[in-house]
Amino acid sequence: MANGKENEMKCRLCGETDLQLVIDLGKLPLSNSFLVSPHDPEELYPLRLVFCPECSLVQISETVPPEKLFSHYNYFSSMSQTMGAHAKDLVGKTIASRKLDEHSRVVELASNDGYLLQYFQQAGITNVLGIDPARNVAQVAIDKGVPTLCEFFNEQLAETLPKADVILALNVLGHVPDLNGFVRGIQKMLKSNGMAIVEVPYIRNLVECCEPDTVYFEHFSYFSLTSLINLFKWNGLIVARAKKIDIHGGSLRLWITHPTPFPPHDRYGVEGLREREVQLGVNRIEYYRWFPVQVDEMLRALKAKLLALKAQGKQIIAYGAAAKGVQLLNYLKMDSSVIDYVVDSTPAKIGRYLPGSRIKIVPPEQFGNPDCVLLTAWNFSAEIESKHPEFRGEWIMPNEKLQPTMEYA
Ligand code: DWN
């Protein structure tokens, strides 16, 4: 199926060159590069998802330089109470299960604005360090008293830092072109009896709930448990436990350790989840064959619905200038002739325009009185809807298979 740039690339995990095309999503702008003016020029890149038959890693064929994507970043994790509650819950469970105390060292990779480490500090675990390459976001963490190193994490940096009892890496693994170097860094920085906790969006949700809007240039890789087991095993670590969680449209949470002489018998859900992937064929290209058809059907149905509502004279807005929202509106080829504006609470985004669709971003105070709201940040639909109890119109989910995070809201 490969035909195009995927022929020239090597799998980011195993180096395989025979990568197979899953879906070609066209030429698109960077999803977090918001425009100051609706007339600003923007760079477009080919967005193709490919599958590696050797190690099962799904990945995009384009590698936009991380410096271009992450050195100045418009995503602040603290903008969502749901994400904050998710982080606080994980911190509490980690402190208890690892019996952490004031001597314990905790490092978070891609620590963003300190949204998670702050909860360790509040619990008396003060030996914490955040590492994040986005200077504007890291400064917010530093200003709130979270020690933060503004760097890209890698093996070389890891060798200069003290070892940690706990390393957290939530929603970062997919953002790293050099997967093996990143994981070798974790291997080097993790104490022999330490634990790394990793969260990544789960490829089964991407395919089975039809989430093409979660595919964008920041996300180089899209993980199955099969590919993650390979990634950690090939870099001297093991997946000791695995669990499906519902954050960000459906994710995997992994507990990673150094190999131990007596690994847990059933490895806490790892074997069950991995065997299920084998049953479904997640490690074979056939599993992905219908995804492009599903995506086409979903986009056609959603576009028809929105255009019909517009033809009836309805006012339609979107909620969430999320990266996924940028992608969805660009896949739909929607602009302000259909979607009047996008509501978002992120100061760095307000007043700017979405890449591609060039729809204006307004603060929640300007929610207005629309007839319909397209939930472009559908993963947080419960929290968003709870903030507008006065709204009597229609909240529109991009498709009915999506699973928003309902807890914490
Ligand atoms: O991997 C990534 C995930 C974890 O977060 C990053 N590469 C980028 C980012 O993806 P996203 O932009 O799609 O994430 P969110 O968290 O789904 O974006 C939600 C957007 O909605 C944010 O811009 C904040 C906004 N929001 C809001 O305005 N009011 C969110 C909530 C919950 C709200 O109440």
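Caption draft 1: A look at the overall build of the protein. From N to C terminus, the protein includes 12 helices and 16 strands. Relative to the globule expectation of 22 Å for 409 residues, the C-alpha radius of gyration of the protein, 21 Å, shows essentially globular dimensions. When the backbone C-alpha atoms are referred to their principal axes, the protein occupies close to 65 × 50 × 35 Å. Restricting to contacts in the protein with at least 6 residues of sequence separation, those with at least 24 account for 71%. Surface summary for the protein: the accessible area is close to 16,400 Å², and the carbon and sulfur share equals 52%.

Caption draft 2: Structural detail: the sheet that holds strand E5 (residues 128-131). The mixed open sheet is built from seven strands, whose spatial order is E6-E5-E4-E7-E8-E11-E10. Both edges of this open sheet fall to strand E6 (148-149) and strand E10 (238-245), since each of them pairs with a single strand only. Relative to strand E7 (residues 164-170), strand E4 (residues 106-109) runs parallel, the two being bridged by four bridges. Pairing of Leu 109 across the sheet is with Ala 169, part of E7.

Caption draft 3: Inspection of the packing of aromatic side chains at higher detail. This model, assessed by the stated rule, comprises 11 aromatic pairs. Plain terms: the ring middles of Phe 391 and Trp 395 are 5.0 Å apart, the flat faces sit at 75 degrees to each other, and that makes the pair edge-to-face. The class of Phe 391 is buried, set by a relative accessible area of 8%. Ring pairing ties together the aromatic residues Tyr 319, Phe 367, Phe 391 and Trp 395, which thus form one cluster. Just above the ring of Trp 255 sits the side chain of Arg 241; from NZ or CZ to the centre is 4.0 Å. Here Lys 324 stacks its cationic end above the ring of Trp 378, 5.9 Å away from the centre of that ring.

Caption draft 4: Focus on the pairing of strand E8 (residues 190-201). By the bridge criterion, six bridges tie E7 to E8 in an arrangement that is parallel. Counted as the bridge partner of Ile 167 is Ala 196 from E8. Pairing of E8 with strand E11 (residues 251-257) involves six bridges; the strand directions are antiparallel. The partner of Glu 199 across the bridge, within E11, is Arg 253.

Caption draft 5: Region of the structure containing the site of the ligand. Within the structure, the ligand sits among 26 residues, and Glu 218, Lys 324, Asp 344, Lys 349 and Lys 387 are positioned closest to it. One of the side-chain nitrogen or oxygen atoms of Tyr 73 is found 3.1 Å away from a nitrogen atom of the ligand. Contacts to the ligand include Lys 349, whose side-chain N or O atom sits 2.7 Å from an oxygen atom. Notes on the ligand: free accessible area 710 Å², of which the protein chains cover 97%. When residues of the shell around the ligand are traced back to their parent elements, those giving at least two are helix H11 (323-332) and helix H12 (381-386). By residue class, the composition of the shell around the ligand is 11 nonpolar, nine polar and six charged.

Caption draft 6: The arrangement of the sheet that holds strand E2 (residues 45-51) in detail. The strand order across the open sheet formed by four strands is E1-E2-E3-E9, and the pairing between neighbours is antiparallel. Every interior strand has two partners, whereas the edge strands, strand E1 (20-28) and strand E9 (221-222), have only one. Here strand E3 (residues 58-60) runs beside E9; their pairing, made up of two bridges, is antiparallel. Residue pairing for E9: Val 58 is matched across the bridge by Tyr 222.

Caption draft 7: Summary view of the environment of Leu 332. Among the structural elements, Leu 332 can be located in helix H11. As for Leu 332 and Leu 306, which are separated by 26 residues in sequence, their C-alpha atoms are 9.9 Å apart. In this structure Leu 332 touches Leu 299, Leu 302, Lys 303 and Leu 306, once residues within four positions along its chain are discounted.

Caption draft 8: A look at the nonpolar core. One finds Leu 109, Leu 173, Phe 232, Leu 254 and Tyr 288 to be the most contacted residues of the largest nonpolar core, which totals 103 residues. Element by element, the count of residues in this core is highest for helix H10 (residues 291-311), at seven residues. Non-local contacts of Leu 254, meaning those with residues more than four positions away in its chain, are made with Ala 196, Ile 197, Val 198, Leu 225, Leu 228, Phe 232, Val 239, Arg 241 and Ala 242.

Caption draft 9: Structural context of the packing of H10 against H11. At a minimum axis separation of 10 Å, H10 and H11 run at an interaxial angle of 80 degrees. With respect to each other, H10 and H11 are oriented roughly perpendicular. Contacts between H10 and H11 pair Leu 299, Leu 302, Lys 303 and Leu 306 from the former with Leu 328, Tyr 331 and Leu 332 from the latter. In terms of residue class, the contact of H10 with H11 is made up of six nonpolar, no polar and one charged.

Quick notes on the rules
- Residues numbered from 1 in each chain as written.
- Predicted model: local features only at pLDDT ≥ 70, side-chain atom pairs only at ≥ 80, totals over all residues.
- Heavy atoms only, no water.
- Helix = DSSP H or I, 4+ residues; strand = E, 2+ residues; numbered from the N terminus.
- Rg over C-alpha atoms; globule rule 2.2 N^0.38 Å.
- Contact = heavy atoms within 4.5 Å.
- Areas by Shrake-Rupley, 256 points an atom, 1.4 Å probe, with all protein chains shown as cover.
- Pairing = 2+ DSSP bridges.
- Phe/Tyr/Trp six-rings, centres within 6.5 Å; stacked < 30°, edge-to-face > 60°.
- Buried < 20%, exposed > 50% of the residue type's maximum accessible area, 1.4 Å probe, protein only.
- Lys NZ or Arg CZ within 6 Å of the ring centre and 35° of its normal.
- Near = heavy atom within 4 Å.
- Polar contact = N/O pair within 3.5 Å; in protein donor to acceptor, adjacent residues only side chain to side chain.
- Nonpolar A, V, L, I, M, F, W, Y, C, P; charged D, E, K, R; others polar.
- Core = buried A, V, L, I, M, F, W, Y, C linked by side-chain atoms within 4.5 Å.
- Axes fitted to C-alpha atoms, helices over the stretch in contact; angles between N-to-C directions.
- Parallel < 35°, antiparallel > 145°, perpendicular 65-115°, else oblique.

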